[in-house]
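# Observations on the three-dimensional arrangement
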Amino acid sequence: MKELIQRLEQEALREIRAAAGGEMLEAARTKYLGRKGLLTEAFKKIGEASAEERPALGSLINEVKGRLGAALDERTRAASGGEEKAEKIDITLPGAPFRRGRIHPITKTVRDISDCFVSLGFMVVEGPEIETEHYNFEALNIPLEHPSRDAFDTFYLNSRSGTQLLRSHTSPVQARFMEKHKPPFAIIVPGRVFRPDATDATHSFMFHQVEGLVVGDRVTFADLKGVLAIFARQMFGVQTRMRFRPSFFPFTEPSAEVDISCFACARQKHLEGRRCSICGGKGWLEILGAGMVNPKVFKGVGYDPEKVTGFAFGMGVERIAMLKYGISDIRLFCENDIRFLRQF
Ligand code: DAH
């Protein structure tokens, strides 16, 4: 009987050691220590032994029960801890999918434009979106009777500190910068502008512009052309040609509107008589306004127009982005449609 119990213990210990996990350990516990387990059965058989042997057998079985219980507990703890640890360092699990964000196409276009001019030595400057009438109009030689000064053409704000408005262009930063700095300098001014236009595919009450201003000793119209030609080629491709059409802006004299050759026509030579959808068959795309700074603007900020000259230009960022990426509706920029934004 004693030997039988000892063999049972050896067998049980072997099984516990060999158990591969929690489930097998639980099975071993039931098999040996359970209510109908082998050790319980052994207890019942003590009655078959002689009266002198019984107490020793009883305590032996209890000792074996204690040792098996302890062995089972230890292995169970090790098994569950081991599983937890393995989980922590399992580098083979596939990662949780992570959606990468994108730069908004307008931000991207502003950055592309800025990068080009910064590489030419321009500095990036910003100005306020709430402007005074003085900087938005007067400092730029825009007279009171000019249509853009009409209350219906500009967002005026009621304020105690004089007439303020949401700037209708980035040009006011020209005067702000010149009042505080001496030439020579070359700046670009990206920023948001506001006009109460009825919204349609090409108009929005809010859009972005990039203004440029270069002032120095003997800055000429040739410099303006050179700088803009580099910009046009970098933005729209090396084969891009440029043309200047005479125009009028109160703050430049002479003034021009600048077109680039339509890159879409050039790419699809096989239009086969159909009109190009980008330029409407004209072959040219208007991209900005420009000119030589009007001496009146220089006088207004205390510069001597006999000593300095300069050129300025202004472009619409949405328009540039729409041309470059073939976007047909300006409203797409503000709709936050992920299917649109994901394409940049
Ligand atoms: N401010 C003009 C506009 O909003 C754009 C512009 C034209 C800016 C000519 C300039 C310039 O600096 O020289 O329509």
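Residues numbered from 1 in each chain as written. Predicted model: local features only at pLDDT ≥ 70, side-chain atom pairs only at ≥ 80, totals over all residues. Heavy atoms only, no water.

## Some remarks on helix H11 (residues 317–325)
Every α-helical turn comprises 3.6 residues, leaving residues that sit three or four positions apart pointing alike. We count it as follows: Each residue's exposure class comes from its accessible area (1.4 Å probe, protein chains only) as a fraction of the maximum for that residue type: buried when under 20%, exposed when over 50%, partly exposed otherwise. The helix count covers DSSP runs of H or I at least four residues long, the strand count covers runs of E at least two residues long, and both are numbered beginning at the N terminus.
Among all positions of H11, only Val317, Glu318, Ile320, Ala321, Met322 and Leu323 are buried. At the exit of H11 stands Gly326, carrying a positive phi of roughly 65°.

## A closer look at the site of the ligand
Keep this limit in mind: One heavy atom within 4 Å of a molecule or strand makes the whole residue count as near it. Identification of polar contacts relies on pairs of N or O atoms within 3.5 Å, with a donor-acceptor requirement for protein atoms, meaning one able to donate a hydrogen and the other able to accept it, and with residues adjacent in sequence counted only if both atoms are side-chain atoms. Computed by Shrake-Rupley with a 1.4 Å probe, the accessible areas treat only the displayed protein chains as cover when residues are assessed. Under the scheme applied, nonpolar residues are Ala, Val, Leu, Ile, Met, Phe, Trp, Tyr, Cys and Pro; charged residues are Asp, Glu, Lys and Arg; polar residues are all the others, including Gly.
The full set close to the ligand counts 15 residues, and His169, Ser171, Arg195, Gln209 and Glu211 are the nearest of them. Here a nitrogen atom of the ligand and a side-chain polar atom of Ser171 are 2.9 Å apart. One of the side-chain N or O atoms of Glu211 is found 2.6 Å from an oxygen atom in the ligand. Burial of the ligand by the surrounding chains reaches 88%, relative to a free accessible area of 360 Å². Class assignment of the residues belonging to the shell around the ligand gives a composition of five nonpolar, eight polar and two charged.

## Section: the environment of Gly283
Inspection of the secondary structure puts Gly283 in the loop between helix H9 (263–267) and strand S9 (284–293). Spatially, the C-alpha atom of Gly283 lies 6.8 Å from that of Cys265, the residues being 18 residues apart in sequence.

## Overview of the domain arrangement of the chain
Our working rule: Where a domain begins and ends is set by an automatic assignment or by a domain database.
Domain boundaries assigned for the chain yield domain 1 (2–79) and domain 2 (105–341). Relative placement of domain 1 and domain 2: their C-alpha centres are 90 Å apart.

## Remarks on the packing of aromatic side chains
Our working rule: Only rings of Phe, Tyr and Trp enter the pairing, Trp through its six-membered ring, and a pair is recorded when the two centres are within 6.5 Å. The plane angle decides the type: under 30 degrees is stacked, over 60 is edge-to-face, the rest tilted. Two conditions define a charge located above a ring, namely a distance within 6 Å from the ring centre to NZ of Lys or CZ of Arg, and an angle within 35 degrees of the ring normal.
Evaluated as defined, the whole model comprises 13 aromatic pairs. With a centroid separation of 5.1 Å and 20° between ring planes, the pair formed by Phe117 and Phe231 is classed as stacked. Of this pair, Phe117 sits in helix H5 (residues 105–119) while Phe231 sits in helix H8 (residues 221–236), and the two are 114 residues apart along the sequence. When sorted by exposure, Phe117 lands in the same class as Phe231, which is buried. The interplanar angle of 80° and the centroid separation of 5.1 Å between the aromatic rings of Tyr325 and Phe344 together place this pair among those described as edge-to-face. Here Phe344 lies in the segment after helix H12 (338–341) and Tyr325 lies in helix H11, a separation of 19 residues in the sequence. Overall, the relative accessible area of 28% leaves Tyr325 in the partly exposed class. Put simply, the rings of Phe117, Phe122, Phe231, Phe311 and Phe313 touch in pairs and so form one group of aromatic residues. Looking at Arg176, its charged tip hangs above the ring of Tyr135, at a distance of 4.2 Å from the centre.

## Some points on the sheet that holds strand S8 (residues 252–261)
Counted only if it meets this: Note on pairing: DSSP must find at least two bridges between two strands before they are called paired. Only heavy atoms matter for contacts: two residues are in contact if any of them lie within 4.5 Å across the pair. Where helices are involved, their axes are fitted lines through C-alpha atoms of the stretch in contact, as for all axes, and angles between N-to-C directions lie from 0 to 180°.
The strand order across the open sheet built from seven strands is S1-S5-S6-S10-S9-S8-S7, with neighbouring strands paired in mixed fashion. In this open sheet, the two strands that pair with only one neighbour each are strand S1 (123–124) and strand S7 (242–249). Bridge count for S7 against S8 is seven bridges, and the pairing is antiparallel. Looking at S8, one finds that Arg243 is bridged to Asp259. Against the sheet, H5 engages S1, strand S5 (185–194), strand S6 (206–216) and strand S10 (309–316), with an angle of about 165° to S5.

## Details of the nonpolar core
Threshold: Among the buried residues, those of types Ala, Val, Leu, Ile, Met, Phe, Trp, Tyr and Cys that are joined through side-chain atoms within 4.5 Å form a nonpolar core.
In terms of nonpolar packing, the biggest core is built from 44 residues, with Phe117, Phe231, Leu288, Phe313 and Met315 touching the most fellow members. The biggest single contributor to this core is H8, with seven residues. Ignoring sequence-local partners within four residues, the contact set of Phe117 consists of Phe122, Ile188, Val227, Phe231, Phe313 and Met315. Among the nonpolar cores identified, the runner-up in size contains 24 residues, and Ala175, Phe177, Val293 and Val308 belong to it.

## Some points on the pairing of S5
Burial within S5 is extensive, with nine of its ten residues counted as buried. Inspection of the sheet shows S1 paired to S5 by two bridges, in the parallel sense. For Val124, the partnering residue across the bridge sits in S5 and is Ile188. Relative to S6, S5 is paired through ten bridges, and the arrangement is antiparallel. Note that in S6 the partner of Ile188 across the bridge is Gly212.

## As for the pattern of salt bridges
Two side chains of opposite charge can pair, provided their charged atoms sit close to one another. The line we're drawing: A pair is scored as a salt bridge if a Lys or Arg side-chain nitrogen falls within 4 Å of a carboxyl oxygen belonging to Asp or Glu.
Tallied over the full model, the rule gives 18 salt bridges. Here Lys108 ties to Asp112 by a salt bridge, and the two come within 3.4 Å at their closest N and O atoms. Of this pair, Lys108 and Asp112 are both found in helix H5, four residues apart, which corresponds to roughly one turn of the helix. Looking at Lys108, the relative accessible area reads 28%, which means it is partly exposed. Between Glu129 and Arg192 there is a salt bridge, and its shortest N-O distance comes to 3.9 Å. With Glu129 in the loop between S1 and strand S2 (130–132) and Arg192 in strand S5, this pair connects stretches of sequence that are 63 residues apart. Of the residues examined, Glu129 reaches a relative accessible area of 31% and is grouped as partly exposed. Taken together, the shared-partner salt bridges connect Arg243, Arg245, Glu257, Asp259 and Glu286 into one network.

## Some details on a negative patch on the surface
For clarity, the cut-off: Like-charged residues are merged into a patch within 9 Å and nonpolar side chains (Val, Leu, Ile, Met, Phe, Trp, Tyr) within 5 Å, provided each residue has over 30% relative accessible area and no salt bridge. By the counting rule applied here, Lys and Arg register as positive and Asp and Glu as negative, while His and the ends of each chain are not counted. Charge coordinates come from a single atom per side chain, which is NZ of Lys, CZ of Arg, CG of Asp or CD of Glu.
A cluster of acidic residues, Asp150, Asp153, Asp197 and Asp200, forms a negative patch at the surface. Locating Asp150 in the fold gives a position in the loop between helix H6 (133–136) and strand S3 (156–157). Note on Asp150: relative accessible area 37%, which makes it partly exposed.

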